[in-house]
Amino acid sequence: MTARLGWPDVAKGVCIILVVLWHVVTKHAIGVEGAGVVTEGWATLNAQLLPLRMPLFFLISGMFAASAVNAPGGGSWRRRAGRLAGVYAIWVIIQTFVLALTPDFDTARAENGWQLLAQLTISPTNLWYLLALAVYLLIARVIRHVPTAVVLPVAFVIAAIAAAGLVPSLGNLWQLVQNLFFFLAGLRLRSVIERFAAASGTLRTLMLGGAYVAAVAAIGVLGMRQWPGIWPLLAIVAVAFGVAACALLDGHAGVIAGPLRWIGQRTLPIYVIHMIPLALIDGALRGLRWVATPAVEVVWPIVLTAVVIAICLAVQAGLVRIGLGVLFDPTARPLARTR
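Residues numbered from 1 in each chain as written. Predicted model: local features only at pLDDT ≥ 70, side-chain atom pairs only at ≥ 80, totals over all residues. Heavy atoms only, no water.

A. Molecular detail of the overall build of the protein chain. When helices and strands are tallied, the protein chain shows 17 helices and 0 strands. Scaling as 2.2 N^0.38, a compact globule of 339 residues should have a C-alpha radius of gyration of about 20 Å, and the protein chain matches this with 20 Å. The buried share of the protein chain, taken over its 339 residues, is 47%. When the accessible surface of the protein chain is totalled, it reaches about 16,600 Å², and 69% of it is carbon and sulfur. Looking at charge distribution, the protein chain has the averaged site of its 24 positive side-chain charges lying 18 Å from that of its 11 negative ones. (Helix = DSSP H or I, 4+ residues; strand = E, 2+ residues; numbered from the N terminus. Rg over C-alpha atoms; globule rule 2.2 N^0.38 Å. Buried < 20%, exposed > 50% of the residue type's maximum accessible area, 1.4 Å probe, protein only. Areas by Shrake-Rupley, 256 points an atom, 1.4 Å probe, with all protein chains shown as cover. Lys, Arg positive; Asp, Glu negative; His and termini not counted. Charge placed at Lys NZ, Arg CZ, Asp CG, Glu CD.)

Take a look at the structure:
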């Protein structure tokens, strides 16, 4: 049996932490009374990580989708896509009811049946990653016999169009469109990516990191964010840096890589649950009318990110224990009862 690669789980761990941190900063920290330049710095840093977070997440997802996409008969990809779509629907509905308790929390929530229907179909919510994966699996299955030399350039052009603001926003629909390229790249180029990761060392990682920082700065200064092709090119540099850095961590920094791998193997419950405890904590703190100081601004996003992740994993463990694991896999067959 082939040993499981460690760095993809490290990458997934990094990505899910960055997702939670992004929401902690943009949906909570910037609204805290007294928040100032430190919190603005957090927001700016998180914004510069946009080309890394979800593209890297999708690249890893694509790498491990080939067996399902190419399986004879199509049952495997349908089960996986059905599971993802089902989990998306379940947690959109759960969020709709729970977030109604926190009307001041800054995130999209359905207020009537039509809005809920839109969120379940054409206007994805903050849980859009799950719906995107289900759609990507369908697309990948349909085009599985089309040469990679055709698929990836077309997907790149689609990403460039979406990144240029030419796709209706409709919640997170634009993100769903523009990240297809990275899923298909992971799917079609897995062996290339694995060789790249295996050959990555400190020098390559530093060079890619420097290129990423320089590109982000240049694009910001010149206002090139929506120039055709700029965003996917920047994201390619960011993803290459992410792969190299995670491979380096996995191979040479076990103390850091171990916890990241552990989290990376548990991304689903963190992703689907995290907005709920964040909203409830935000509402509770609003009631206390607390005021942030610069020192608190520095550490608070990190602390709250860790707390939210811990809550998510505890909630998931509790739900599974009481027989509600179906919330995380509605396609799972119940275990047969023994006499």
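B. Structural detail: the layout of surface pockets. What the largest pocket holds in volume is close to 740 Å³. Taken together, 31 residues make up the lining of the largest pocket; nearest its centre are Lys 12, Ser 61, Arg 80, Arg 83 and Leu 133. Mapped by element, the contributors of at least two residues to the lining of the largest pocket are α1 (7-27), α3 (50-63), α5 (75-98), α7 (128-142) and α15 (267-273). Ranked by the residues each element gives to the lining of the largest pocket, the list is headed by α5, at 6 residues. Classifying every residue of the lining of the largest pocket gives 17 nonpolar, 7 polar and 7 charged. A volume near 400 Å³ is recorded for the second largest pocket. Considering the residues around the second largest pocket, the lining is formed by 21 residues, among which Trp 22, Leu 50, Trp 128, Asn 172 and Gln 175 are closest to the centre. Listing elements by their share of the lining of the second largest pocket, those giving two or more residues are α1, α3 and α9 (173-178). Within the lining of the second largest pocket, the residues separate by chemical class into 10 nonpolar, 8 polar and 3 charged. (1 Å grid on protein atoms, 1.4 Å probe; cavity = no way out; pocket = protein on both sides within 12 Å on 5 of 7 lines; lining within 4 Å. Points joined across faces, edges and corners; volume = space filled by probe spheres on them. Nonpolar A, V, L, I, M, F, W, Y, C, P; charged D, E, K, R; others polar.)

C. Representation of empty space enclosed by the protein. The full count for this structure, using the stated rule, is 2 cavities of 30 Å³ or more. Quantified by volume, the largest cavity comes out at close to 60 Å³. Top contributing element to the lining of the largest cavity by residue count: helix α17 (residues 294-321), with 4 residues. Looking at side-chain class alone, the lining of the largest cavity contains 8 nonpolar, 1 polar and 1 charged residues. Roughly 30 Å³ of internal volume is contained in the second largest cavity. Contributing to the lining of the second largest cavity are Val 92, Gln 95, Thr 96, Leu 99, Ala 108, Arg 109, Ala 110, Gln 119 and Thr 125. The greatest single-element share of the lining of the second largest cavity, amounting to 3 residues, is contributed by α5. Of the residues assigned to the lining of the second largest cavity, the class counts are 4 nonpolar, 4 polar and 1 charged.

D. Quick peek at the pattern of salt bridges. Within this structure, the stated rule accounts for 4 salt bridges. For Glu 194, the salt bridge identified is with Arg 190, shortest N-O distance 2.7 Å. In this pair, Glu 194 and Arg 190 are both assigned in helix α11 (residues 190-198), 4 residues apart and thus about one turn of the helix distant. Since its relative accessible area comes to 30%, Arg 190 is described here as partly exposed. For Arg 261, the salt bridge goes to Asp 250, with nearest N and O atoms at 2.4 Å. Of this pair, Arg 261 sits in helix α14 (residues 254-264) while Asp 250 sits in helix α13 (residues 230-252), and the two are 11 residues apart along the sequence. Given a relative accessible area of 25%, Asp 250 falls into the partly exposed group. (Salt bridge = Lys/Arg side-chain N within 4 Å of Asp/Glu carboxyl O.)

E. View of the nonpolar core. Counting residues in hydrophobic clusters, the biggest one holds 95 residues, and the most contacted among them are Phe 58, Trp 91 and Val 272. When residues no more than four places from it in sequence are discounted, the contact partners of Phe 58 are Trp 128, Tyr 129, Ala 132, Leu 133, Tyr 136, Asn 179, Phe 182 and Phe 183. (Core = buried A, V, L, I, M, F, W, Y, C linked by side-chain atoms within 4.5 Å. Contact = heavy atoms within 4.5 Å.)

F. Local environment of the packing of aromatic side chains. For the structure on display, the rule yields 11 aromatic pairs. Ring centres of Tyr 136 and Phe 183 lie 5.4 Å apart, and the angle between their planes is 45°; this geometry places the pair in the tilted category. Here Phe 183 lies in helix α10 (residues 180-188) and Tyr 136 lies in helix α7, a separation of 47 residues in the sequence. The pair Tyr 136 / Phe 183 is uniform in exposure class, with both members buried. Ring pairs connect the aromatic residues Phe 57, Phe 58, Trp 128, Tyr 129, Tyr 136, Phe 183 and Tyr 271, which therefore count as one cluster. (Phe/Tyr/Trp six-rings, centres within 6.5 Å; stacked < 30°, edge-to-face > 60°.)

G. Representation of the environment of Val 10. By the element assignment, Val 10 lies in helix α1. For Val 10, a relative accessible area of 0% puts it in the buried group. Separated by 255 residues in the primary sequence, Val 10 and Gln 265 have C-alpha atoms spaced 8.7 Å apart. Beyond its immediate stretch of four places on either side in the chain, Val 10 contacts Cys 246, Leu 249, Asp 250, Ala 257, Leu 260 and Arg 261.

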